[in-house]
Amino acid sequence: VQLQASGGGLVQAGGSLRLSCAASGRTFSTYVMGWFRRAPGKEREFVAAINWSGSSTYYPDSVKGRFAISRDNAKNTAYLQMNSLKPEDTAVYYCAAKTGIGKAAMRRDSEYGYWGQGTQVTVSS
């Protein structure tokens, strides 16, 4: 599967952005989809994941209650709605896809075999 992330940009603190991840191929609905981010000088960080049907979502505490991941399998697209953005959310955001199940595995970037190119999100204070 090939992934194309979009929707990044510059936003003021407290604002919102919605990222999209468009996937090619007819098997999108079989993949777990995840979002990760990498801030300058930091390691890549788990942001959100969603199972194949969209019935289960996972977040780290740093974004829980502010970010929401969703997917539309008919459109082969996953989304990341980001609200109440903070300057520390500034990073390049990547979407990723993986096969298999397991809640713990969803949070590990090493488990994802397919990656999009990244989209820059900058939050000004």
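Here's what I pulled together on the structure shown here. Everything numeric in this text was worked out from a predicted model, so none of it was measured.

Cut-off values and rules
- Residues numbered from 1 in each chain as written.
- Predicted model: local features only at pLDDT ≥ 70, side-chain atom pairs only at ≥ 80, totals over all residues.
- Heavy atoms only, no water.
- Helix = DSSP H or I, 4+ residues; strand = E, 2+ residues; numbered from the N terminus.
- Contact = heavy atoms within 4.5 Å.
- Salt bridge = Lys/Arg side-chain N within 4 Å of Asp/Glu carboxyl O.
- Buried < 20%, exposed > 50% of the residue type's maximum accessible area, 1.4 Å probe, protein only.
- Pairing = 2+ DSSP bridges.
- Axes fitted to C-alpha atoms, helices over the stretch in contact; angles between N-to-C directions.

Within the element layout of this structure, S20 appears in strand β3 (residues 17–23). Residues in contact with S20, not counting those within four places in the same chain, are Q4, A5, S6, W35, T77, A78 and Y79.

All right, on to the pattern of salt bridges then. On inspection of all chains with the given rule, the structure shows six salt bridges. Where D109 meets R44, a salt bridge forms, and the shortest distance between an N and an O atom there is 3.1 Å. Of this pair, D109 sits in the loop between α1 (103–106) and β10 (114–115) while R44 sits in the loop between β4 (32–38) and β5 (45–50), and the two are 65 residues apart along the sequence. By relative accessible area, D109 is classed as partly exposed at 26%.

All right, on to unusual backbone geometry then. Most peptide bonds take the trans form, and the phi angle of most residues other than glycine is negative. One non-glycine residue, N76, lies in the positive phi region at around 55°. Secondary-structure assignment places N76 in the loop between β7 (67–72) and β8 (77–82). Its identity as a non-glycine residue notwithstanding, S84 has a phi of 50°, on the positive side.

Side chains F67, I69 and R71 of β7 all project onto a buried face; the interleaved residues A68, S70 and D72 project onto a face where none is buried. In the sheet, β7 pairs with β8 via six bridges, with the strands oriented antiparallel. Considered in β8, the bridge of I69 is made with L80. Adjacent in sequence and paired antiparallel, β7 and β8 are bridged by four residues, among which N76 carries a positive phi angle near 55°.

For the rest of this paragraph, the subject is the sheet that holds β7. With respect to topology, four strands assemble into an open sheet ordered β1-β3-β8-β7, the strand pairing being antiparallel. Each end of this open sheet is capped by a strand with a single partner; those strands are β1 (3–6) and β7. This sheet shows a mean twist of 15° between the axes of neighbouring strands, independent of strand direction.

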